[in-house]
Amino acid sequence: MRNKLILGALALATALLPVAALADDPHDPTMRTAAARARDHAIIRGLNQRELAYVRQRDARYAEGWRNYRSRGANSEDYARRRADYERANQRYAEDQSRYQHQMADWRRAVAACRAGDYSACDN
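Since the model is a prediction, treat every value here as computed from it, not as a measurement. (Residues numbered from 1 in each chain as written. Predicted model: local features only at pLDDT ≥ 70, side-chain atom pairs only at ≥ 80, totals over all residues. Heavy atoms only, no water.)

Participant: Tell me about the state of the cysteines, and name the residues and values.
Facilitator: A full pass over the atoms with the stated rule returns 1 disulfide. Between the sulfur atoms of Cys-114 and its disulfide partner Cys-122 the distance amounts to 1.7 Å. Torsion about the S-S bond of the Cys-114 and Cys-122 cystine: about 95 degrees, corresponding to right-handed handedness. By relative accessible area, which is 22% here, Cys-114 ends up partly exposed. With a relative accessible area of 32%, Cys-122 lands in the partly exposed category. (Disulfide = S-S within 2.5 Å. Buried < 20%, exposed > 50% of the residue type's maximum accessible area, 1.4 Å probe, protein only.)

Participant: Describe the pattern of salt bridges, and please don't skip the residues or the numbers.
Facilitator: Tallied over the full model, the rule gives 7 salt bridges. Notably, a salt bridge pairs Asp-85 with Arg-81, separated by 3.5 Å at the nearest N-O pair. With Asp-85 and Arg-81 both in helix H3 (residues 77–115), this residue pair falls 4 residues apart, about one helical turn. Classification of Asp-85 as partly exposed rests on a relative accessible area of 31%. Among the ionic pairs, Arg-99 bridges to Asp-96, the shortest N-O distance being 2.9 Å. In this pair, Arg-99 and Asp-96 are both assigned in helix H3, 3 residues apart and thus about one turn of the helix distant. Under the relative-accessibility criterion, Arg-99 is labelled partly exposed at 44%. On the accessibility criterion, Asp-96 (42% relative accessible area) is partly exposed. Through salt bridges that share partners, Arg-81, Asp-85 and Arg-88 make up one connected network. (Salt bridge = Lys/Arg side-chain N within 4 Å of Asp/Glu carboxyl O. Helix = DSSP H or I, 4+ residues; strand = E, 2+ residues; numbered from the N terminus.)

Participant: Kindly report on the side chain of Asp-28, identifying the contributing residues and their values.
Facilitator: You can see Asp-28 is positioned in the loop between helix H1 (2–16) and helix H2 (34–71). No salt bridge is formed by the buried Asp-28. Its closest oppositely charged neighbour is Arg-32, at 7.5 Å. In this structure the side chain of Asp-28 is engaged in a polar contact, spanning 3.1 Å, whose partner is the side chain of Thr-30. (Lys, Arg positive; Asp, Glu negative; His and termini not counted. Polar contact = N/O pair within 3.5 Å; in protein donor to acceptor, adjacent residues only side chain to side chain.)

Right, dumping it as structure tokens:
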């Protein structure tokens, strides 16, 4: 009983294992004739040519998209406006950060003075 179970499991595992592909197998029985090999060659060549055509069309679409992108790039008014907005935002951020750092330094000095006994500094 146990042997049958083991043999059954082994048979099932063997059936589920992937079978090696017969591509370019010199002993493949379906590729013994020159006509079969020529037919196989023609099929593969057609597949490769269709894929090449697809890739060329895709790359041409990508190239067109990049050309469009570059044409409205650094020379466009929209780009110049966005760049100026960016520069202004950076400047405002730097000013805000500087103001914040000064306020924090003033606050830290007031806290230190308050803790040192200068109670007039505690109101800040």
